[in-house]
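Here are the chains, one letter per residue:
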Amino acid sequence: KAGVTQTPRYLIKTRGQQVTLSCSPISGHRSVSWYQQTPGQGLQFLFEYFSETQRNKGNFPGRFSGRQFSNSRSEMNVSTLELGDSALYLCASSLGGQLASYEQYFGPGTRLTVT
Amino acid sequence: AQSVTQLDSQVPVFEEAPVELRCNYSSSVSVYLFWYVQYPNQGLQLLLKYLSGSTLVESINGFEAEFNKSQTSFHLRKPSVHISDTAEYFCAVINNGGSQGNLIFGKGTKLSVKP
(Lines give C-alpha, C1' and ligand atoms only; values in the text may rest on other atoms or scores of the structure.)
Protein backbone atom coordinates (compact mmCIF):
# COMPACT_ATOMS: atom_id res chain seq x y z
CA LYS A 1 0.00 0.00 0.00
CA ALA A 2 1.16 3.49 -0.73
CA GLY A 3 1.80 5.63 2.31
CA VAL A 4 0.47 9.03 3.22
CA THR A 5 1.44 11.65 0.67
CA GLN A 6 1.62 15.38 1.19
CA THR A 7 2.01 18.11 -1.36
CA PRO A 8 3.86 20.30 -1.74
CA ARG A 9 6.90 19.23 0.27
CA TYR A 10 8.31 22.72 0.56
CA LEU A 11 6.64 26.10 0.36
CA ILE A 12 7.79 29.68 0.83
CA LYS A 13 5.17 32.35 1.37
CA THR A 14 5.06 35.99 2.40
CA ARG A 15 3.33 37.37 5.48
CA GLY A 16 -0.32 38.09 4.83
CA GLN A 17 -0.69 35.51 2.08
CA GLN A 18 -2.70 32.35 2.38
CA VAL A 19 -1.65 28.77 1.71
CA THR A 20 -3.31 25.43 1.06
CA LEU A 21 -1.65 22.12 1.87
CA SER A 22 -2.85 18.76 0.62
CA CYS A 23 -2.82 15.29 2.13
CA SER A 24 -3.76 11.95 0.60
CA PRO A 25 -4.27 9.22 3.21
CA ILE A 26 -3.49 5.54 2.97
CA SER A 27 -6.09 3.74 0.89
CA GLY A 28 -8.97 2.66 3.11
CA HIS A 29 -8.18 5.13 5.87
CA ARG A 30 -11.03 7.49 6.63
CA SER A 31 -9.53 9.68 9.32
CA VAL A 32 -7.02 12.43 8.62
CA SER A 33 -5.35 14.50 11.33
CA TRP A 34 -3.10 17.51 10.96
CA TYR A 35 -0.24 18.49 13.25
CA GLN A 36 2.10 21.46 13.38
CA GLN A 37 5.71 20.85 14.36
CA THR A 38 7.98 23.69 15.46
CA PRO A 39 11.25 23.68 17.44
CA GLY A 40 9.70 25.70 20.23
CA GLN A 41 6.27 24.15 20.64
CA GLY A 42 6.96 20.65 19.39
CA LEU A 43 4.13 18.66 17.84
CA GLN A 44 0.71 20.22 18.26
CA PHE A 45 -2.62 18.88 17.07
CA LEU A 46 -4.55 21.08 14.65
CA PHE A 47 -7.66 19.11 13.72
CA GLU A 48 -9.03 15.76 12.68
CA TYR A 49 -11.46 14.93 9.91
CA PHE A 50 -13.49 11.78 9.56
CA SER A 51 -16.02 11.16 6.79
CA GLU A 52 -15.79 14.77 5.62
CA THR A 53 -16.61 16.14 9.09
CA GLN A 54 -14.32 17.82 11.54
CA ARG A 55 -14.39 15.53 14.55
CA ASN A 56 -11.85 17.17 16.78
CA LYS A 57 -10.02 20.48 16.91
CA GLY A 58 -6.93 21.72 18.66
CA ASN A 59 -6.22 25.12 20.12
CA PHE A 60 -5.34 27.12 17.02
CA PRO A 61 -6.83 30.38 15.74
CA GLY A 62 -9.54 30.45 13.11
CA ARG A 63 -6.96 31.29 10.43
CA PHE A 64 -6.27 27.57 10.36
CA SER A 65 -8.98 25.57 8.67
CA GLY A 66 -9.35 22.32 6.85
CA ARG A 67 -11.67 20.10 4.95
CA GLN A 68 -11.97 16.53 3.79
CA PHE A 69 -13.32 15.26 0.52
CA SER A 70 -15.41 12.18 -0.20
CA ASN A 71 -12.27 10.24 -1.21
CA SER A 72 -10.78 11.03 2.25
CA ARG A 73 -8.19 13.40 0.83
CA SER A 74 -7.78 16.44 3.02
CA GLU A 75 -6.64 20.01 2.63
CA MET A 76 -5.48 22.46 5.22
CA ASN A 77 -5.64 26.19 4.70
CA VAL A 78 -3.90 28.97 6.58
CA SER A 79 -5.01 32.51 5.86
CA THR A 80 -3.20 35.75 6.63
CA LEU A 81 0.10 34.04 7.24
CA GLU A 82 2.30 35.16 10.12
CA LEU A 83 6.01 34.56 10.64
CA GLY A 84 5.15 32.21 13.50
CA ASP A 85 3.31 29.91 11.11
CA SER A 86 6.64 28.72 9.74
CA ALA A 87 6.67 25.04 10.62
CA LEU A 88 6.56 21.49 9.39
CA TYR A 89 2.94 20.52 8.85
CA LEU A 90 2.31 16.81 9.22
CA CYS A 91 -0.69 14.88 8.09
CA ALA A 92 -1.57 11.51 9.61
CA SER A 93 -4.13 8.98 8.51
CA SER A 94 -5.83 6.16 10.37
CA LEU A 95 -8.71 3.80 9.89
CA GLY A 96 -10.90 5.94 12.12
CA GLY A 97 -14.30 4.69 13.14
CA GLN A 98 -16.43 5.30 16.20
CA LEU A 99 -13.57 4.90 18.64
CA ALA A 100 -10.43 6.96 18.84
CA SER A 101 -8.17 6.88 15.79
CA TYR A 102 -5.36 4.69 16.95
CA GLU A 103 -2.22 3.92 15.00
CA GLN A 104 -1.82 7.07 13.03
CA TYR A 105 0.51 6.91 10.03
CA PHE A 106 2.30 10.10 9.10
CA GLY A 107 3.25 11.64 5.80
CA PRO A 108 6.62 13.28 5.13
CA GLY A 109 5.26 16.73 5.91
CA THR A 110 5.13 20.10 4.19
CA ARG A 111 7.83 22.55 5.25
CA LEU A 112 6.26 26.02 5.22
CA THR A 113 8.48 29.06 5.50
CA VAL A 114 6.87 32.46 5.94
CA THR A 115 9.05 35.49 5.16
CA ALA B 1 -5.27 18.12 30.72
CA GLN B 2 -3.37 15.16 29.48
CA SER B 3 0.37 15.62 29.06
CA VAL B 4 3.47 13.66 28.14
CA THR B 5 6.91 14.31 29.61
CA GLN B 6 10.10 13.13 28.01
CA LEU B 7 12.68 13.75 30.66
CA ASP B 8 15.73 13.98 28.42
CA SER B 9 15.88 16.30 25.44
CA GLN B 10 19.18 14.83 24.23
CA VAL B 11 20.82 11.48 24.85
CA PRO B 12 24.33 10.87 23.49
CA VAL B 13 25.57 7.28 23.57
CA PHE B 14 28.32 5.22 21.99
CA GLU B 15 27.57 2.55 19.43
CA GLU B 16 26.69 -0.85 20.92
CA ALA B 17 25.86 0.70 24.31
CA PRO B 18 22.41 0.27 25.86
CA VAL B 19 20.00 3.18 25.94
CA GLU B 20 16.79 4.14 27.73
CA LEU B 21 14.58 7.04 26.66
CA ARG B 22 12.18 7.99 29.38
CA CYS B 23 8.52 8.87 28.99
CA ASN B 24 5.92 9.68 31.62
CA TYR B 25 2.31 10.64 31.01
CA SER B 26 -0.38 12.16 33.13
CA SER B 27 -3.86 10.85 32.65
CA SER B 28 -6.72 9.83 34.86
CA VAL B 29 -8.21 7.68 32.11
CA SER B 30 -7.03 4.64 30.30
CA VAL B 31 -4.69 5.43 27.43
CA TYR B 32 -2.96 3.92 24.49
CA LEU B 33 0.76 4.63 24.19
CA PHE B 34 3.08 5.03 21.24
CA TRP B 35 6.66 5.73 20.34
CA TYR B 36 7.40 7.42 17.04
CA VAL B 37 10.79 8.03 15.44
CA GLN B 38 11.68 10.93 13.17
CA TYR B 39 14.76 10.90 10.97
CA PRO B 40 16.09 14.23 9.63
CA ASN B 41 13.80 15.89 7.12
CA GLN B 42 11.25 13.13 7.34
CA GLY B 43 7.85 12.54 8.89
CA LEU B 44 7.12 10.38 11.91
CA GLN B 45 7.32 6.62 11.78
CA LEU B 46 5.46 4.44 14.24
CA LEU B 47 8.06 2.47 16.20
CA LEU B 48 5.88 0.55 18.62
CA LYS B 49 2.59 0.75 20.46
CA TYR B 50 0.82 -0.43 23.56
CA LEU B 51 -2.92 -0.96 23.15
CA SER B 52 -3.65 -3.86 25.50
CA GLY B 53 -2.30 -7.21 26.61
CA SER B 54 1.35 -7.71 27.47
CA THR B 55 2.88 -4.62 29.00
CA LEU B 56 6.17 -5.27 27.20
CA VAL B 57 6.06 -4.42 23.52
CA GLU B 58 8.80 -4.80 20.95
CA SER B 59 9.69 -3.33 17.57
CA ILE B 60 11.24 -5.15 14.64
CA ASN B 61 14.55 -3.31 15.00
CA GLY B 62 15.32 -4.26 18.60
CA PHE B 63 13.60 -1.53 20.59
CA GLU B 64 11.23 -2.39 23.41
CA ALA B 65 9.02 -0.42 25.77
CA GLU B 66 7.23 -1.37 28.95
CA PHE B 67 3.93 0.08 30.04
CA ASN B 68 3.92 0.71 33.79
CA LYS B 69 0.48 1.82 34.88
CA SER B 70 1.36 2.50 38.51
CA GLN B 71 4.24 4.78 37.50
CA THR B 72 2.44 6.12 34.40
CA SER B 73 5.54 5.45 32.35
CA PHE B 74 6.36 3.99 28.95
CA HIS B 75 10.15 4.03 28.71
CA LEU B 76 11.87 2.99 25.49
CA ARG B 77 14.95 0.77 25.65
CA LYS B 78 17.44 -0.89 23.36
CA PRO B 79 20.23 -3.15 24.62
CA SER B 80 22.71 -2.23 21.88
CA VAL B 81 22.32 0.81 19.63
CA HIS B 82 23.61 1.39 16.10
CA ILE B 83 24.69 4.53 14.30
CA SER B 84 21.51 4.23 12.24
CA ASP B 85 19.39 4.69 15.39
CA THR B 86 20.40 8.35 15.49
CA ALA B 87 17.09 10.20 15.27
CA GLU B 88 14.51 12.02 17.36
CA TYR B 89 12.08 9.89 19.33
CA PHE B 90 8.62 10.99 20.40
CA CYS B 91 6.40 9.43 23.01
CA ALA B 92 2.65 9.93 22.51
CA VAL B 93 -0.64 9.02 24.16
CA ILE B 94 -4.24 8.87 23.04
CA ASN B 95 -7.33 8.38 25.17
CA ASN B 96 -8.70 4.86 25.15
CA GLY B 97 -12.31 4.65 24.16
CA GLY B 98 -12.94 8.26 23.31
CA SER B 99 -13.88 9.66 19.96
CA GLN B 100 -11.12 12.19 19.95
CA GLY B 101 -8.39 11.06 17.63
CA ASN B 102 -5.58 13.35 18.57
CA LEU B 103 -2.22 12.20 19.80
CA ILE B 104 -0.60 14.13 22.63
CA PHE B 105 3.15 14.20 22.09
CA GLY B 106 6.11 14.72 24.33
CA LYS B 107 8.77 17.26 23.34
CA GLY B 108 11.00 14.57 21.90
CA THR B 109 14.39 13.08 22.74
CA LYS B 110 17.26 13.38 20.29
CA LEU B 111 19.30 10.21 20.35
CA SER B 112 22.82 10.65 19.05
CA VAL B 113 24.85 7.48 18.56
CA LYS B 114 28.59 8.01 18.28
CA PRO B 115 31.10 5.54 16.83
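Preceding this paragraph is the structure being described.
What you see is a predicted model, and the numbers here were worked out from it, not measured in a lab. (Residues numbered from 1 in each chain as written. Chains lettered and ligands numbered in written order. Predicted model: local features only at pLDDT ≥ 70, side-chain atom pairs only at ≥ 80, totals over all residues. Heavy atoms only, no water.)

Draft legend 1. Here's a closer look at the overall build of chain A. A count of helical and extended segments in chain A gives 0 helices and 11 strands. Ordered by position from the N terminus, the helices and strands of chain A form the series β-β-β-β-β-β-β-β-β-β-β. The C-alpha radius of gyration of chain A comes to 13 Å, within 12% of the 13 Å expected for a compact globule of 115 residues. Counting all 115 residues of chain A, 50% fall into the buried class. Long-range contacts, defined here as pairs at least 24 residues apart, represent 55% of the contacts in chain A between residues at least 6 apart. Carbon and sulfur atoms form 49% of the exposed surface of chain A, whose accessible area is close to 5,400 Å². In chain A, 11 positive and 6 negative side-chain charges are present, and the distance between their average locations comes to 4 Å. (Helix = DSSP H or I, 4+ residues; strand = E, 2+ residues; numbered from the N terminus. Rg over C-alpha atoms; globule rule 2.2 N^0.38 Å. Buried < 20%, exposed > 50% of the residue type's maximum accessible area, 1.4 Å probe, protein only. Contact = heavy atoms within 4.5 Å. Areas by Shrake-Rupley, 256 points an atom, 1.4 Å probe, with all protein chains shown as cover. Lys, Arg positive; Asp, Glu negative; His and termini not counted. Charge placed at Lys NZ, Arg CZ, Asp CG, Glu CD.)

Draft legend 2. Here's a closer look at the state of the cysteines. Evaluated as defined, the whole model comprises 2 disulfides over all chains. The disulfide bridge from Cys23 of chain A ends at Cys91 of chain A, spanning 1.7 Å between sulfur atoms. Across the S-S bond linking Cys23 of chain A and Cys91 of chain A, the dihedral sits near -50°, which makes this disulfide left-handed. Of this pair, Cys23 of chain A sits in strand S3 (residues 19-24) while Cys91 of chain A is found in strand S9 (residues 87-94), placing the two residues 68 residues apart along the sequence. Comparing Cys23 of chain A with Cys91 of chain A shows no difference in burial state: the two are buried. Covalent S-S linkage joins Cys23 of chain B and Cys91 of chain B, the inter-sulfur distance amounting to 2.0 Å. Looking along the S-S bond of the Cys23 of chain B-Cys91 of chain B disulfide, the torsion reads about -65°, which is the left-handed sense. Residue Cys23 of chain B is found in the loop between strand S3 (19-21) and strand S4 (24-26), and its partner Cys91 of chain B is found in strand S10 (residues 87-95); the two are separated by 68 residues along the sequence. Taking the relative accessible area as the measure of exposure, Cys23 of chain B reaches 0% and is therefore buried. (Disulfide = S-S within 2.5 Å.)

Draft legend 3. A look at the nonpolar core. Core analysis: the largest hydrophobic core is formed by 27 residues, its most contacted members being Leu33, Trp35, Leu48, Phe74, Leu76 and Tyr89 of chain B. Those elements that provide at least two residues to this core are strand S2 (10-14), S3, strand S5 (31-38), strand S6 (44-50), strand S8 (64-68), strand S9 (73-78), S10 and strand S12 (109-114) of chain B. Dropping the residues within four chain positions of it, Leu48 of chain B is found in contact with Leu33, Phe34, Trp35, Val57, Glu58, Ser59, Phe63, Glu64, Ala65, Phe74 and Leu76 of chain B. Judged by nonpolar contacts, the second largest core, of 21 residues, contains Leu46, Phe47, Met76 and Leu81 of chain A. (Core = buried A, V, L, I, M, F, W, Y, C linked by side-chain atoms within 4.5 Å.)

Draft legend 4. Up close: the pattern of salt bridges. Summed over all chains, the structure comprises 11 salt bridges over all chains. Note that Asp85 of chain A and Arg63 of chain A form a salt bridge whose closest N and O atoms lie 2.8 Å from each other. Of the two residues, Asp85 of chain A sits in the loop between strand S8 (74-78) and S9 while Arg63 of chain A sits in the loop between strand S6 (53-57) and strand S7 (64-68), which places them 22 residues apart along the sequence. Across the pair, exposure class does not vary: Asp85 of chain A and Arg63 of chain A are buried alike. Here Arg22 of chain B and Asp8 of chain B are joined by a salt bridge, their closest N and O atoms 3.0 Å apart. Of the two residues, Arg22 of chain B sits in the loop between S3 and S4 while Asp8 of chain B sits in the loop between strand S1 (3-5) and S2, which places them 14 residues apart along the sequence. (Salt bridge = Lys/Arg side-chain N within 4 Å of Asp/Glu carboxyl O.)

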